[in-house]
Amino acid sequence: MGAAGEHDDAAERGTVVTPSAELPPLGTEERAALSRIGERWREPRDPDELPVDPTLGRSGRPPRPTRFGRLVPIEMFTVEEPGELVATEPAHLPGSRAGRLLSRARRTLFGPPLSSASVLYERMRKLVALPVLSSDLLSSVAYGPEAMLGVLVLAGSAALGLSLPLAALLVVLMIAVGLSYRQTIPAYPHGAGSYIVAGDNLGRTPGLAAAAGLMLDYVLTVSVSVAAGVHAVTSALPGLTPLTVPLGVLVIAVLLAGNLRGVRTAGNLFVLPTYAFVVVLLALLVVGYARAAGRGFAPVAPPPVPAVEGLGLLLVLRAFSSGAVSMTGIEAVSNAVPAFRPTEWRNARTTLGWMVAMLVALFAGLVGLIHLDGLVPRPGETLLSQLGRVTFPTGPWYALLQATTALILLLAANTAFNDFPRLLFFMARDGHTPRRFLHMGDRLAFSNGLVALSVTAAVVYVAFGGHTERLIPLYAVGVFLAFTLSQAGMVVHWRRHRGPGWHRRLALNAVGATLSALVLLTAAVAKFSEGAWVVVVAVPLLVLLFRRIHRHYATLHRALALHPPAPSGPAGSAEREELPQEVRHLVVVPVARLNRASLRALAYAASLGQPTLAVHIAPEEVEADRFREQWQAWGDHLRLETIVSPYRAVIGPLAHYLEALHATRPELTLTVIVPEVVLRRRWHRPLHSRVEQRLRAALRALPGVVVTTVPVHVAE
């Protein structure tokens, strides 16, 4: 089976990201039901006899003479073909002055809106995708080695020698997982997130567990990356330490604004810092190893550090799982395959290969150089900062190292900003998260998902005070849960889709799944008391939440799905009537007093040609008699029902009266027409009771009741 055509079923499942995902097509059964309903539909009037031409274009304002000549009208709509209008950009501007000012401010901050047809051009080429998607993975080498050594040093200076074999094991793990994901990309060329792979091959619950782990990972990616970046800044400028929390929140806000401008714009913003970080780190390694070669690669003895814990298997496992956070972000490319330019899967696989090679070189090089220079973790300064001071004792290189490190750590969160909204998109498409996450903003970015990630990450960052060491223990469990389920899902995939070389591919994914599972168990057990219990508890709770959301959407779909019309027979509930000839109306008009607004509502109701009933709520008998006299003076054109409410309530008695009407004749559709005074100034609204809104809220739960308003505009 060829790579490009190995997984055509993925495309059939609709994994391609498109603005039309909010409006999924009808299924085969619903289309057939729609046709049968249409055959029985009888229009009450000729549909071609409309009082206006709906295909007319609309201009913003007529031309008028100015010193520059005559203005051309702004066309709000253009006619592409008969029966189809296309709204132009000016049609999206709000009508109010305040709305237009807000719209201009948004465009200044985030850029002008992009048409749906531009979604292809918003994709990334490899040289842009590499820094955008690898910033999380590559930046983790700034704190991953330190997290591993920070655990080993608890057993004293002598235990630091274990960093080299542990680093070797981690390199093997990086290569195995990287190769496994390289196989996943062509197998799922339309986006191979752990959620999709695990769900397709292992079932819904494992897929949701992988999604929960990834969501926690993305939130922690933002929190940890920002915390580490701010720590890099405060290491070089200790005076900024008291501003750790405000600086982190500000960075998250800037990242949100950058990503709301769209994928391509955000990618262009983050290209230079990532490449600069890689270049500076490579220069650090070259100079550092050249200095070590000058002394025959003899390691410098680390300063004596007393042991506070015994060197045992549990401590070694904790160190290994802490170092494994250097792999977070390795799955980013497989999640974001649709964000690449064609051919998507091929460009994504090439980019992932570059990322893994760079990760291995930087991680192994840094651990080896730290060992040769005899450095140990210490509070107040990162290991990378210490290494920079030793390697670049003079010149601007240390400052450049710290600047690029801080930049890439702060921008590493951008990987999560790319993948978290896309994960929510796929989950919302399947009904496991709110459908608002299907919506693409005016810059073709998943705005709702971006805002949700930013708010959640900011809350976590503030709750932990911006301390990297407090956040790291929560990090590995979620991401390696997703790794394990994804790779296990690929093992099942190769067993089902047996093509050329499937045995080799299955074995490679099995190795990745096994190693990821070992890290997952190690992190969950060794770091349980340090905070990993939060993730262990949160994952099943999130899975339960996703299933409840799916249950709600399934119930909603069953209620709204099209079914063939039932044979003619006794009238049923008005909620089930889908043919105009089967709808039986009763129009009800609540009237408080006879004025221009109520008379307009009564005239509108009578014009519908349906049985109409007026209802008046009176606080006492005297007022009821007075209103009936006024009604007779008007002409008694419609049936009037007067209800005396001795406790002066209006909404309650009216709602219960309508409910009683509906219970008496459930086949009737009650159309309640309420006059509404429309006010131009917002500050006038508190001066009115807004009865129509309160009545609509009271009747919302009652089936077969329609509440509509007849507006009367007050010019003031």
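The sections below set out a description of the structure shown in this document.

Reading guide: rules and limits
Residues numbered from 1 in each chain as written. Predicted model: local features only at pLDDT ≥ 70, side-chain atom pairs only at ≥ 80, totals over all residues. Heavy atoms only, no water. Helix = DSSP H or I, 4+ residues; strand = E, 2+ residues; numbered from the N terminus. Buried < 20%, exposed > 50% of the residue type's maximum accessible area, 1.4 Å probe, protein only. Contact = heavy atoms within 4.5 Å. Axes fitted to C-alpha atoms, helices over the stretch in contact; angles between N-to-C directions. Parallel < 35°, antiparallel > 145°, perpendicular 65-115°, else oblique. Left-handed = near helix turned anticlockwise from the far one by under 90°. Nonpolar A, V, L, I, M, F, W, Y, C, P; charged D, E, K, R; others polar. Phe/Tyr/Trp six-rings, centres within 6.5 Å; stacked < 30°, edge-to-face > 60°. Polar contact = N/O pair within 3.5 Å; in protein donor to acceptor, adjacent residues only side chain to side chain. Core = buried A, V, L, I, M, F, W, Y, C linked by side-chain atoms within 4.5 Å. Pairing = 2+ DSSP bridges. Salt bridge = Lys/Arg side-chain N within 4 Å of Asp/Glu carboxyl O. Patch = residues over 30% accessible without salt bridge, like charges linked within 9 Å, V, L, I, M, F, W, Y side chains within 5 Å. Areas by Shrake-Rupley, 256 points an atom, 1.4 Å probe, with all protein chains shown as cover. Lys, Arg positive; Asp, Glu negative; His and termini not counted. Charge placed at Lys NZ, Arg CZ, Asp CG, Glu CD. Expected span 1.5 Å × (residues − 1).

### Structural notes on the overall build of the protein
Helices and strands together make up the secondary structure of the protein, namely 24 helices and nine strands. Buried positions account for 47% of the 716 residues belonging to the protein. For the protein, restricting intrachain contacts to residue pairs at least 6 apart in sequence, the fraction spanning at least 24 positions comes to 79%.

### Comments concerning the packing of helix α6 (residues 163-187) against helix α18 (residues 475-496)
It is at 11 Å that the axes of α6 and α18 come closest, and there the two elements cross at 55 degrees. Comparing the axis directions of α6 and α18 gives the class oblique. Every pair of crossing elements has a handedness; the one defined by α6 and α18 is left-handed. Along the contact surface, α6 presents Leu173, Val177, Ser180, Tyr181, Gln183, Thr184 and Ala187, while α18 presents Phe480, Ala482, Phe483, Ser486, Gln487, Met490, His493 and Trp494. Considered class by class, the residues forming the contact of α6 with α18 number nine nonpolar, six polar and no charged.

### Focus on the packing of aromatic side chains
Describing an aromatic ring pair means giving the distance of the ring centres and the angle of the ring planes. Taken as a whole, this structure holds seven aromatic pairs when the rule is applied. For the ring pair tyrosine 181 and phenylalanine 483, a centre distance of 5.8 Å and an interplane angle of 70 degrees mean the geometry is edge-to-face. Taken together, the positions of tyrosine 181 in helix α6 and phenylalanine 483 in helix α18 put the pair 302 residues apart, joining distant regions of the chain. Note on accessibility: tyrosine 181 and phenylalanine 483 belong to one class, buried. Taking the centre distance of 4.8 Å and the plane angle of 55 degrees together, the rings of tryptophan 631 and tryptophan 634 count as tilted. Here the residue tryptophan 631 and the residue tryptophan 634 both occupy positions in helix α22 (residues 621-634), the gap between them amounting to three residues, near one helical turn. On the accessibility criterion, tryptophan 631 (1% relative accessible area) is buried.

### Concerning the side chain of threonine 612
Structurally, the position occupied by threonine 612 is in strand β6 (residues 612-618). Classification of threonine 612 as buried rests on a relative accessible area of 14%. Reaching out from threonine 612, the side chain makes a polar contact with the backbone oxygen of glutamine 610 at a distance of 2.9 Å. Excluding residues that lie within four positions of it along the chain, threonine 612 makes contacts with Val587, Val589, Ala605, Ala606, Leu638 and Arg639.

### Digging into the nonpolar core
Core analysis: the largest hydrophobic core is formed by 147 residues, its most contacted members being Val222, Leu281 and Phe480. When residues no more than four places from it in sequence are discounted, the contact partners of valine 222 are Ile252, Ala413, Ala416, Phe417, Leu453 and Ala457.

### With respect to the sheet that holds strand β8 (residues 668-679)
If you trace the five strands from one edge of the open sheet to the other, you get β7-β6-β5-β8-β9, paired in parallel fashion. The sheet is open, and its two edges are formed by β7 (639-644) and β9 (705-714), each paired on a single side. In this sheet, adjacent strand axes meet at a mean angle of 30 degrees when their direction is disregarded. Judged from the 10 bridges that link them, β8 and β9 form a sheet pairing that is parallel. Its bridge partner lying in β9, valine 674 is registered against threonine 709.

### Thoughts on the packing of helix α13 (residues 344-373) against helix α14 (residues 383-391)
Where α13 meets α14, the axes come as close as 11 Å, and the angle between the chain directions of the two elements is 65 degrees. Between α13 and α14 the crossing geometry is left-handed. Mapping the contact onto sequence places Leu366, Leu369, Ile370 and Asp373 in α13 and Leu383, Leu384, Leu387, Val390 and Thr391 in α14. Across the contact of α13 with α14, the residue classes tally to seven nonpolar, one polar and one charged.

### Digging into the pattern of salt bridges
Two side chains that carry opposite charge are able to pair once their charged atoms sit near each other. Evaluation of the coordinates by the stated rule reveals eight salt bridges. The partner of arginine 318 in a salt bridge is glutamate 309, with the nearest N and O atoms 3.1 Å apart. Glutamate 309 sits in the partly exposed class, given a relative accessible area of 32%. A salt bridge links aspartate 625 to arginine 628; the shortest N-O distance between them is 2.5 Å. Of this pair, aspartate 625 and arginine 628 are both found in helix α22, three residues apart, which corresponds to roughly one turn of the helix. Relative accessible area serves as the criterion here: at 38%, aspartate 625 is assigned to the partly exposed category. One connected set of salt bridges, linked through shared partners, spans Arg378, Glu381 and Arg389.

### Quick notes on the environment of proline 24
Residue position: proline 24 is located in the loop between α1 (8-12) and α2 (28-40). Taking the C-alpha atoms as reference points, proline 24 and arginine 429, separated by 405 residues in sequence, lie 8.8 Å from one another.

### Side note on a positive patch on the surface
Where like charges cluster on the molecular surface, the positive patch consists of Arg204, Arg547, Arg548 and Arg551. Looking at the positive patch element by element, the count peaks at three residues for helix α20 (residues 528-560). Arginine 547 gets classed as partly exposed once you look at its relative accessible area, which sits at 34%.

### Focus on helix α8 (residues 204-236)
Every α-helix carries 3.6 residues per turn, so stepping three or four residues along brings you back to the same face. The end-to-end C-alpha distance of α8, which contains 33 residues, comes to 48 Å, matching closely the 48 Å that a straight helix rising 1.5 Å per residue would cover. Buried residues dominate α8, accounting for 27 of its 33 residues.

### Remarks on α18
End to end, α18 covers 33 Å across 22 residues, agreeing with the expected 32 Å (1.5 Å per residue, within 8%). Most of α18 sits inside the fold, with 18 of its 22 residues counted as buried.

### A word on the environment of alanine 526
Within the secondary structure, alanine 526 sits in helix α19 (residues 502-526). Of the residues examined, alanine 526 reaches a relative accessible area of 7% and is grouped as buried. The spatial distance from the C-alpha of alanine 526 to the C-alpha of leucine 315 is 7.8 Å, given a sequence separation of 211 residues.

### Remarks on a nonpolar patch on the surface
Taken together, the side chains of Phe528, Trp533, Val534, Val536, Val537 and Leu541 make up a nonpolar region of the molecular surface, amounting to roughly 520 Å² of accessible area. Looking at where valine 536 falls in the secondary structure, it is placed in helix α20.

### Focus on the environment of valine 224
Within the secondary structure, valine 224 is located in helix α8. Given a relative accessible area of 0%, valine 224 falls into the buried group. The spacing of valine 224 and alanine 457 is 233 residues in sequence and 9.2 Å in space, taken between C-alpha atoms.

### Observations concerning the side chain of serine 486
Tracing the backbone through its elements, the reader meets serine 486 in helix α18. Non-local contacts of serine 486, meaning those with residues more than four positions away in its chain, are made with Tyr181, Ser194 and Val197.

### Focus on unusual backbone geometry
In this structure, phenylalanine 297 is a non-glycine residue whose phi angle is positive, near 55 degrees. When you line up the elements, phenylalanine 297 lands in the loop between α10 (263-294) and α11 (313-323). A relative accessible area of 45% means that phenylalanine 297 is categorised as partly exposed. For aspartate 636, which is not a glycine, the phi torsion comes out positive at approximately 50 degrees. Assignment of secondary structure puts aspartate 636 in the loop between α22 and β7. Residue classification places aspartate 636 among the partly exposed positions, given a relative accessible area of 37%.

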